[in-house]
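If you want the building blocks of each chain, they are given just below.
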Amino acid sequence: MAKLHEFQGKQLLATEKIPIPRGGPVTTPQQAAQVARDCEGPVVVKGQIWLTGRADLGLIQFADTPQEAQQIAETMLGSQHQGFSVDTVLVESRLKIDREFYAGVTIDDRLQAPVLIFSAVGGTGVEDIAREHPAAIVKTPIDVVRGFFDYQARDLVRQTGIHGKLLLKIGAILVRLVDLAKKYDARAVEINPLVLISEGDLVAADCRMTIDDYAIYRHPDLGIDVAREFDRPPTELEKIAWEVEKNDYRGTFYFIQMIEQFNQGEGVIGFHGAGGGGSMMSMDAILNRGYTLANFVDTSGNPPAS
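These numbers come from a predicted model, not from an experiment.

Asker: Kindly report on the overall build of the chain, identifying the contributing residues and their values.
Answerer: The number of helices and strands found in the chain is eight helices and 18 strands. Expressed as a percentage of the 306 residues in the chain, the buried residues total 45%. Sequence-distant contacts, at least 24 apart, represent 63% of the contacts inside the chain between residues at least 6 apart. Total accessible area on the chain stands at roughly 16300 Å², and carbon and sulfur atoms take up 51% of it.

This is the structure:
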């Protein structure tokens, strides 16, 4: 899977007329100040990296003035977190939140179908929410041939006890979310939280989206360089491996760099296997001998020789 940053996911939400906060991504402190001025009020500044728990890392901060937004952006930009360097921050209007929800579409491999999930209680720790408020969470598989309709969305939301105009608004957003997931071959797209603000509107306060790696070629507009789900930026060797494989489906050339900094004599070795099961067994045997693997390479099927 290939991850998109929050600002990229929100830009796609906007194309489906799902409301997002006012603001946008910036790459310099000066741009952060300008976007904050355009927002005409307090803003939130978010570092854009593929990690959860950004608030604990100091990558979600609030600013009351453009000057404060500039100072925060200056601190965030270029900072290092678990191998990631922050090169973009998202500056958005701070929302006055009355209520939080969760909405997501994910592929259920067991059902072999996308599943829409809605929760009347949103926010961080959706797994904890599921345990503490089981009646607030509902889900339904999506028929990819027939599609997903407004009345189905309304029926689903109604099960959580929501009625009236709010029911209609949430139902419309769920239909658009399903359409977006289908349009971009998403393995998952989540709005958490989807918030009801004091003005009575619904806004996507956050967005996480991953695209199926085998569908990347269909979406060049997304600018995805490597269709792999990394917990850090891809290395140069990983980029080379992807360049070999991305346009050839005869086989597999999969490369993951696990260790980069090591010294001679530390028992760190390179690994090259052929076939997933055999490769895993070979890796286990090597690890049981006390060695450490610098990388994982799998070439199987009939990959191109180049």
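Asker: So, the layout of surface pockets: which residues are in play, and what are the values?
Answerer: The calculated volume of the second largest pocket comes to roughly 440 Å³. As for the second largest pocket, its lining consists of 21 residues, of which H5, W50, D225, P233 and P234 are closest to the centre. Where the lining of the second largest pocket is concerned, the elements lending two or more residues are β1 (2-4) and β6 (84-85). With three residues, the top contributor of residues to the lining of the second largest pocket is β1. A class-by-class count of the residues in the lining of the second largest pocket yields 11 nonpolar, five polar and five charged.

Asker: If you had to explain the packing of aromatic side chains to someone new, which residues and values would you point to?
Answerer: Under the defined criterion, the tally for this structure stands at four aromatic pairs. Considering the side-chain rings of F271 and F296, the 5.9 Å spacing of their centres and the 10 degrees angle between planes classify their relative orientation as stacked. Here F271 is found in the loop between β15 (268-269) and β16 (272-273), whereas its partner F296 is found in strand β18 (residues 295-301), with 25 residues between them in sequence. Taking the relative accessible area as the measure of exposure, F271 reaches 7% and is therefore buried.

Asker: Now, about the nonpolar core: what can you tell me, with residues and values included?
Answerer: Judged by nonpolar contacts, the single largest core of 46 residues is most densely connected at F101, F118, I162, I170, M209 and I211. Residue contributions to this core peak at 10 residues, all from helix α6 (residues 164-183). Sequence-distant contacts of F118, defined by excluding residues within four places in its chain, comprise F101, Y102, A136, I137, V138, V157, T160, I162, I170 and L174. Listed in part, the 20 residues of the second largest apolar core include V43, V45, A63 and M76.

Asker: How would you explain the sheet that holds strand β4 (residues 60-63) if you had to name every residue and give the values?
Answerer: Across the sheet, which stays open at both edges, the four strands sit in the order β2-β7-β3-β4 with antiparallel pairing between neighbours. Here the strands that pair on one side only, and so sit at the sheet edges, are β2 (23-26) and β4. Recorded for the sheet is a direction-independent mean angle of 20 degrees between the axes of neighbouring strands. Pairing of strand β3 (residues 43-47) with β4, which is carried by four bridges, proceeds in the antiparallel orientation. Across the sheet, the residue bridging to V44 is F62, located in β4. Contacting β2, β3 and β7 (89-93), helix α1 (residues 6-15) runs over the sheet at an angle of about 50 degrees to β7. Across the face of the sheet, helix α3 (residues 66-76) comes into contact with β3, β4 and β7 while running at roughly 160 degrees to β4.

Asker: An account of α6 is requested, with residue identities and associated values reported.
Answerer: Between its first and last C-alpha, α6 extends 29 Å over 20 residues, near the 28 Å set by a 1.5 Å rise per residue. Within the span of α6, buried status applies to L166, L167, I170, G171, I173, L174, V175, L177, V178, L180 and A181. Of the residues flanking the end of α6, it is D185, one or two places downstream, whose phi is positive at about 50 degrees.

Asker: Now, about the pattern of salt bridges: what can you tell me, with residues and values included?
Answerer: One pass over the structure, following the stated rule, counts 12 salt bridges. Of the charged contacts in the structure, one is a salt bridge between D206 and R54, with a shortest N-O distance of 3.7 Å. On the criterion of sequence distance, the pair formed by D206 in the loop between β12 (202-204) and β13 (208-211) and R54 in the loop between β3 and β4 is long-range, its members being 152 residues apart. R54 carries the same exposure label as D206, and that label is buried. Close ionic contact of E236 with K239 constitutes a salt bridge, the shortest N to O distance being 3.5 Å. Pair noted here: E236 and K239 are both in helix α7 (residues 236-245), with a separation of three residues, about one helical turn. Take E236: its relative accessible area is 55%, and that puts it in the exposed class. Classification of K239 as partly exposed rests on a relative accessible area of 34%.

Asker: Quick one: what's the story with the packing of helix α5 (residues 150-158) against α6, residue by residue and with numbers?
Answerer: Contact geometry of α5 with α6 gives a least axis separation of 8 Å together with a crossing angle of 125 degrees. The orientation of α5 relative to α6 falls into the category oblique. The hand of the α5/α6 crossing is right-handed. Residues D150, A153, R154, V157 and R158 of α5 form the contact with α6, whose own contacting residues are L167, L168, I170, G171, L174 and V175. For the contact of α5 with α6, the class distribution of residues is seven nonpolar, one polar and three charged.

Thresholds, definitions, all that
Residues numbered from 1 in each chain as written. Predicted model: local features only at pLDDT ≥ 70, side-chain atom pairs only at ≥ 80, totals over all residues. Heavy atoms only, no water. Helix = DSSP H or I, 4+ residues; strand = E, 2+ residues; numbered from the N terminus. Buried < 20%, exposed > 50% of the residue type's maximum accessible area, 1.4 Å probe, protein only. Contact = heavy atoms within 4.5 Å. Areas by Shrake-Rupley, 256 points an atom, 1.4 Å probe, with all protein chains shown as cover. 1 Å grid on protein atoms, 1.4 Å probe; cavity = no way out; pocket = protein on both sides within 12 Å on 5 of 7 lines; lining within 4 Å. Points joined across faces, edges and corners; volume = space filled by probe spheres on them. Nonpolar A, V, L, I, M, F, W, Y, C, P; charged D, E, K, R; others polar. Phe/Tyr/Trp six-rings, centres within 6.5 Å; stacked < 30°, edge-to-face > 60°. Core = buried A, V, L, I, M, F, W, Y, C linked by side-chain atoms within 4.5 Å. Pairing = 2+ DSSP bridges. Axes fitted to C-alpha atoms, helices over the stretch in contact; angles between N-to-C directions. Expected span 1.5 Å × (residues − 1). Salt bridge = Lys/Arg side-chain N within 4 Å of Asp/Glu carboxyl O. Parallel < 35°, antiparallel > 145°, perpendicular 65-115°, else oblique. Left-handed = near helix turned anticlockwise from the far one by under 90°.

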